[in-house]
Amino acid sequence: MVTDPIADFLTRIRNAQMAQHRIVEIPASNVKKRITEILYDKGYILKYKFEDDNKQGVIKIALKYDAATKEPAIRALERVSRPGLRQYAKPADIRRVHNGLGIAIISTSKGVMTDKEARAMNVGGEVLCNVF
């Protein structure tokens, strides 16, 4: 049993990148699917596929690496809000990640989105993770 599925999601991606795997499989949920879509839209992963296995489903993520240096596109994945200490932010208080070079993924009343989208829509919420 996993107590923090989002932390497990981020850890699986981190571990796969350290081992230089091309593909990582993660148990699916709606929040994880949306986080995966955001990572794809922002260019942090190569591609993804949602598969149904007659249970909860699986997300297959193709990780992205630099062709010359073999460095992963995701430099760091940080879990911000944890089950023991939730972190919420108002639209004005959402911090920029690495001076705007990274993204924060936020769960709002309008859905899961990036920090820039949340500021533009003037909504706050729970800061799930930082990616840069």
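Everything quoted here is computed from the prediction, not taken from an experiment.

> Can you tell me about the layout of surface pockets, naming the residues and giving the values?
The space that makes up the largest pocket amounts to roughly 220 Å³. If you trace the largest pocket, you find it lined by V80, Q87, Y88, A89, D93, I94, R95, R96, V97, A104, V127 and N130. Listing elements by their share of the lining of the largest pocket, those giving two or more residues are β5 (88-89) and β8 (125-131). Partitioning the lining of the largest pocket into residue classes produces seven nonpolar, two polar and three charged.

> I'd like a description of the environment of L10, backed by residues and values.
Inspection of the secondary structure assignment puts L10 in helix α1 (residues 5-18). Accessibility expressed as a relative area gives 1% for L10, which makes it buried. Once the C-alpha coordinates of L10 and K55 are considered, the two residues, 45 residues apart in sequence, prove to be 21 Å apart.

> Lay out the side chain of T36 in plain terms, naming residues and giving numbers.
Turning to its location among the elements, T36 is positioned in helix α2 (residues 30-41). For T36, a relative accessible area of 0% corresponds to the buried category. Engagement of the side chain of T36 in a polar contact is seen with the backbone oxygen of K32, the distance being 2.8 Å. Once residues lying within four places of it in the same chain are set aside, the contact partners of T36 are F9, I45, Y48, F50, I59 and I61.

Criteria and cut-off values
- Chains are numbered independently. Their residues run from 1 in the order of the written sequence.
- Residue-level local features of this predicted model are given only where pLDDT is at least 70; pairs of side-chain atoms are given and counted only at 80 or more, and the full residue set underlies all totals for whole chains, interfaces and linings.
- For the side-chain quantities, the full set of heavy atoms in the structure was used; hydrogens and water were omitted.
- Here a cavity denotes a set of grid points, spaced 1 Å apart and computed over the protein atoms alone, in which a 1.4 Å probe fits but from which it cannot get out, and a pocket denotes an open set meeting protein on both sides within 12 Å along at least five of seven lines; residues with an atom within 4 Å of a point are reported as lining.
- Grid points are joined across faces, edges and corners, and a volume is the space filled by probe spheres set on the points.
- Strands here are runs of E lasting at least two residues and helices are runs of H or I lasting at least four, both read from the DSSP assignment and numbered beginning at the N terminus.
- Think of it as three bins: nonpolar holds Ala, Val, Leu, Ile, Met, Phe, Trp, Tyr, Cys and Pro, charged holds Asp, Glu, Lys and Arg, and polar takes everything else, Gly as well.
- With a 1.4 Å probe rolled over the protein chains alone, any residue whose accessible area is under 20% of its type maximum counts as buried; one over 50% counts as exposed, and the rest are partly exposed.
- Residues adjacent in sequence count toward polar contacts only when both atoms are side-chain atoms; beyond that, a polar contact is any pair of N or O atoms within 3.5 Å, and within protein one must be able to donate a hydrogen and the other to accept it.
- What makes two residues a contact is simply this: any of their non-hydrogen atoms within 4.5 Å.

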